[in-house]
Amino acid sequence: MALTDEQMERYSRHIILKEIGAKGQKKLLNAKVLIIGAGGLGSPAAMYLAAAGVGTIGIADADEVDLSNLQRQIIHTTGDVGKAKVISAKETMEKMNPDVVVKTYHTFVNASNIRQLVREYDFIIDGTDNFPAKFLINDACVLEKKPFSHAGIIRFQGQLMTYVPGEGPCYRCIFRDPPPKDAVPTCSQAGVIGAMGGVIGSLQAMEAVKYIIGKGELLTGYLLTYDALTMEFRKIKLPRDTHKCEVCGDHPTITEPVDYEPDGCGG
């Protein structure tokens, strides 16, 4: 597949990078990335992946745009209030880059559908905002042998890590089980600075791009944390021993994804 003149111009700043070039751009155009959650994290991730020319982007979210979303969920506008988030996101992404095919899933992602959903994609981005959803995504990706980027934001803090099958610990290796309900406040309870989604969501997009082009070092085996108030990033090395993990260990006891909430996750 040869790049068209229009594509050569659109992606020219990629193509002049020796780490990408025309070959790497073709990899991006042939890649498939699924974003679960079209909110604070999923919005910037989706926009940067669309701008980068990732050929197929799936976006899954069961919610509609609410006025309170607009402080951080930059893929949506005031005119989108009341519209399904996946439709609003698709419209923005297609206006940004007609090269991109956007597949929408206006549904709760749960144990009954997540394995089939992640199966057709090369890389998964967890843009959800609750622990049950994050464990569901982790377990499905491990079982389907799919790499994914986990991230979370609250107040002025954010964190992310990347899982690649066979190359480091998964989310459950580190945190094991979801915390008890209401033990940890949500963003709607504790608040979150809007730009935090931009910082961490953009880093998730960067992890996806690096995985696709096969360049650079991913956050496999590390947890990256960011404190916006002190402007400090910390890269924390995670334990390498995954043998006892319930889903990716030597003797897994979790062989199917589990719903920790009745509806599953919508982002």
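Attention here is on the structure that accompanies the text.

**Topic: the nonpolar core**
Grouped burial of nonpolar side chains is what soluble globular proteins tend to show.
Then comes step 1: Counting 28 residues, the largest nonpolar core has Val33, Leu49, Val54, Ile57, Ile59, Met93 and Ile125 as the members making the most contacts within it.
Then comes step 2: The set of elements that each furnish at least two residues to this core consists of β1 (32–36), α4 (42–52), β2 (56–60), α5 (85–96), β4 (123–126) and α10 (194–213).
Then comes step 3: Contacts of leucine 49, omitting those with residues within four sequence positions, involve Val33, Ile35, Val54, Ile57, Ile125, Ala205, Ala208 and Val209.
Then comes step 4: The next biggest cluster of nonpolar side chains, apart from the first, holds 27 residues, and it includes Ile114, Tyr121, Ile137 and Cys170.

**Quick notes on α5**
Then comes step 1: The terminal C-alpha atoms of α5 lie 17 Å apart, and with 12 residues this matches the ideal 16 Å at 1.5 Å per residue to within 8%.
Then comes step 2: When we look at burial in α5, the residues that qualify are Lys85, Val86, Ser88, Ala89 and Met93. Within α5, the buried residues cover an arc of 160° as seen down the axis, which keeps them to one side.
Then comes step 3: For α5, the elements touching its buried residues are α4, β2 and β3 (101–105).

**Structural notes on the packing of aromatic side chains**
Then comes step 1: Using the criterion set out here, one finds six aromatic pairs in the structure.
Then comes step 2: Between the aromatic rings of phenylalanine 135 and tyrosine 260, the centroid separation amounts to 6.4 Å while the plane-to-plane angle is 65°, which identifies the pairing as edge-to-face. Linking phenylalanine 135 in helix α7 (residues 131–143) with tyrosine 260 in the segment after β8 (232–237), this pair joins segments that are 125 residues apart in sequence.
Then comes step 3: The exposure class assigned to phenylalanine 135 is buried, which follows from its relative accessible area of 0%.
Then comes step 4: Judged by centre distance (5.8 Å) and plane angle (45°), the rings of phenylalanine 148 and tyrosine 163 are tilted. Residue phenylalanine 148 is located in strand β5 (residues 148–154), and its partner tyrosine 163 is located in strand β6 (residues 157–163); the two are separated by 15 residues in the primary sequence. Of the two residues, phenylalanine 148 and tyrosine 163, both sit in the buried class.

**Remarks on the sheet that holds strand β7 (residues 222–227)**
Then comes step 1: As summarised here, the arrangement of the eight strands in space is β3-β2-β1-β4-β5-β6-β7-β8, forming an open sheet in which the pairing is mixed. Each having just a single partner strand, β3 and β8 make up the two edges of the open sheet. On average, each strand axis in the sheet is tilted by 15° relative to the strand beside it, whichever way the strands run.
Then comes step 2: In this sheet, β7 lies alongside β6 in antiparallel orientation, the contact comprising four bridges. Paired with glutamine 157 across the bridge in β7 is aspartate 227.
Then comes step 3: Where α5 meets the sheet, its contacts fall on β2 and β3, and the angle it forms with β3 comes to roughly 175°.
Then comes step 4: Contacting β1, β4, β5 and β6, α7 runs over the sheet at an angle of about 170° to β5.

Parameters at a glance
Residues numbered from 1 in each chain as written. Predicted model: local features only at pLDDT ≥ 70, side-chain atom pairs only at ≥ 80, totals over all residues. Heavy atoms only, no water. Core = buried A, V, L, I, M, F, W, Y, C linked by side-chain atoms within 4.5 Å. Buried < 20%, exposed > 50% of the residue type's maximum accessible area, 1.4 Å probe, protein only. Helix = DSSP H or I, 4+ residues; strand = E, 2+ residues; numbered from the N terminus. Contact = heavy atoms within 4.5 Å. Expected span 1.5 Å × (residues − 1). Arc of directions from axis to C-beta. Phe/Tyr/Trp six-rings, centres within 6.5 Å; stacked < 30°, edge-to-face > 60°. Pairing = 2+ DSSP bridges. Axes fitted to C-alpha atoms, helices over the stretch in contact; angles between N-to-C directions.

It is worth stressing that arrangement in space is one thing and function is another; only the former is reported here.
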